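An overview of the molecular structure
Listed here are the chains, written in short residue letters.
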There are 2 protein chains.
Amino acid sequence: MTISTTTLLNDVDLDAVAALTEAVRADAAAGATTWRADVTWRGAFRSAARVRGFADLPSDEPAALGGTDGAPNPVEQLLAALGHCLAVGYAANATARGIEITDLRVQVRGDLDLHPFLGLRPGHAGFDGISATVHLAADAPFDQLAALHEAVVATSPVGHTLSAPVPTTITLATTA
Amino acid sequence: MTISTTTLLNDVDLDAVAALTEAVRADAAAGATTWRADVTWRGAFRSAARVRGFADLPSDEPAALGGTDGAPNPVEQLLAALGHCLAVGYAANATARGIEITDLRVQVRGDLDLHPFLGLRPGHAGFDGISATVHLAADAPFDQLAALHEAVVATSPVGHTLSAPVPTTITLATTA
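What comes next is a walk through the structure. Fair warning: this is a prediction, and the values are worked out from it, not measured in the lab.

**Here's the deal with the interface of chain B and chain A**
With 123 residues of chain B at the interface, the matching set in chain A holds 123 residues. When chain B packs against chain A, the two sides together hide about 10900 Å² of surface, and 66% of this comes from carbon and sulfur. When residues of chain B are sorted by the area they lose upon contact with chain A, Trp-35, Trp-41 and His-84 of chain B head the list and together hold 8% of the total. Residues Arg-52 of chain B and Glu-76 of chain A are paired through a salt bridge, measuring 2.8 Å at the closest nitrogen-oxygen approach. In this structure, the connection of chain B to chain A is made through 48 residue pairs in polar contact (both at pLDDT 80 or more). Looking at the side of chain B that touches chain A element by element, the count peaks at 18 residues for helix 2 (residues 74-96) of chain B.

Now the structure itself:
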């Protein structure tokens, strides 16, 4: 009996990332991706999102906002997406640099004034500011970690989506 | 025996929304909210987000991007958050206008060029564009639904967060 074991740094399949990078380098069109989510309203402020074949992602609002508090609300999910995205960026870039991550946590918070959402004044209804603090324990000197951090921030899809003005088109298609 | 039943339009607790609106109108500081998500890396491109006391929200990447494909990825979660937010906005504003919603689905899609994420060129790593199509069946004439749509788009916290440049600060705090 032969037992074959491969230990991957940070458990990251760097070959897959390298293969994708080479494919996109060879054919720019391979880098053009489209992502989707389909949301169905479930009554009150509850809804369910379907992404590919995964189990529905539920959403609700706290009672103070008129919801039944059955799940994180949309703005909390947005903050979670940023934290997840930074974790992926750290795992990918650290592995490419040969840095082993011992522990990685990302605390995300955002401040939001409810006046526009409640219709009390017009203007920006979104987050006024978002901050993420990355708590990293890794086997590398600080200057390497600072360079790693810079690379992650410079390439974060969710981070850039939040910090840049993204053309967002919302269209009504009545069905009855 | 007395049976008391209250039927809420769209199942929405409009009294709670009205009470919050009045509280914020009376004291502007009551409209200042802070939201949080704490993300923990789980190895490879897997992570888990904790929001208040809810069950962890998992995240992963597709195999083509080097992940183990165990959950929607961060950019898909971002699109889902937009769909959820629009559903809440529709439910709240329709109810305030006395419009009954029969069916509401939101299809969200976003286009993203992987070159910056993969380090193949600098620049905007986020979505280049996001579109949401709202499929609405409701008991009201089209001009009322068009006005409803306009009100929802004008007050969507996630919609505005994506379409505006939000100050986003990402800080490294090494722990070892």
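**Focus: the sheet that holds strand 2 (residues 47-50) of chain A**
Within a sheet, neighbouring strands are paired by backbone hydrogen bonds and run either parallel or antiparallel to one another. With mixed pairing, six strands are arranged side by side in an open sheet as 3(A)-2(A)-1(A)-4(B)-5(B)-6(A). Strand pairing shows two members of the sheet lacking a second neighbour, strand 3 (57-59) and strand 6 (168-174) of chain A, which therefore form its edges. Each strand of the sheet is rotated relative to its neighbour by a mean of 20°, with strand direction disregarded. As paired elements, strand 6 of chain A and strand 5 (residues 129-138) of chain B share seven bridges and run parallel to each other.

**Points about helix 1 (residues 14-26) of chain B**
All names here are of chain B. When the terminal C-alpha atoms of helix 1 are compared, their 18 Å separation across 13 residues agrees well with the 18 Å that a helix rising 1.5 Å per residue should span. Of all the residues in helix 1, the buried ones are Ala-16, Val-17, Leu-20, Thr-21 and Val-24. Seen end-on, helix 1 carries its buried residues on one side only, within an arc spanning 135°. Projecting away from the buried face of helix 1 at angles above 90 degrees are the exposed residues Asp-15, Arg-25 and Ala-26.

**Some details on the sheet that holds strand 4 (residues 101-113) of chain A**
Read across the open sheet, the six strands follow the order 3(B)-2(B)-1(B)-4(A)-5(A)-6(B); overall the sheet is mixed. What marks the edges here is a single partner per strand, and that holds for strand 3 (57-59) and strand 6 (168-174) of chain B. Each adjacent strand pair in this sheet contributes to an overall mean axis angle of 20°, direction not counted. Bridge count for strand 1 (residues 32-41) of chain B against strand 2 (residues 47-50) of chain B is four bridges, and the pairing is antiparallel. Within the sheet, the bridge partner assigned to Asp-38 of chain B lies in strand 2 of chain B and is Arg-50 of chain B. Packing against the sheet, helix 2 (residues 74-96) of chain A makes contact with strand 4 and strand 5 (129-138) of chain A together with strand 1, strand 2, strand 3 and strand 6 of chain B, and its axis sits at approximately 35° to strand 1 of chain B.

Cut-offs used in this document
Residues numbered from 1 in each chain as written. Chains lettered and ligands numbered in written order. Predicted model: local features only at pLDDT ≥ 70, side-chain atom pairs only at ≥ 80, totals over all residues. Heavy atoms only, no water. Contact = heavy atoms within 4.5 Å. Buried area = accessible area lost by both parts, 1.4 Å probe. Salt bridge = Lys/Arg side-chain N within 4 Å of Asp/Glu carboxyl O. Polar contact = N/O pair within 3.5 Å; in protein donor to acceptor, adjacent residues only side chain to side chain. Helix = DSSP H or I, 4+ residues; strand = E, 2+ residues; numbered from the N terminus. Pairing = 2+ DSSP bridges. Axes fitted to C-alpha atoms, helices over the stretch in contact; angles between N-to-C directions. Expected span 1.5 Å × (residues − 1). Buried < 20%, exposed > 50% of the residue type's maximum accessible area, 1.4 Å probe, protein only. Arc of directions from axis to C-beta.

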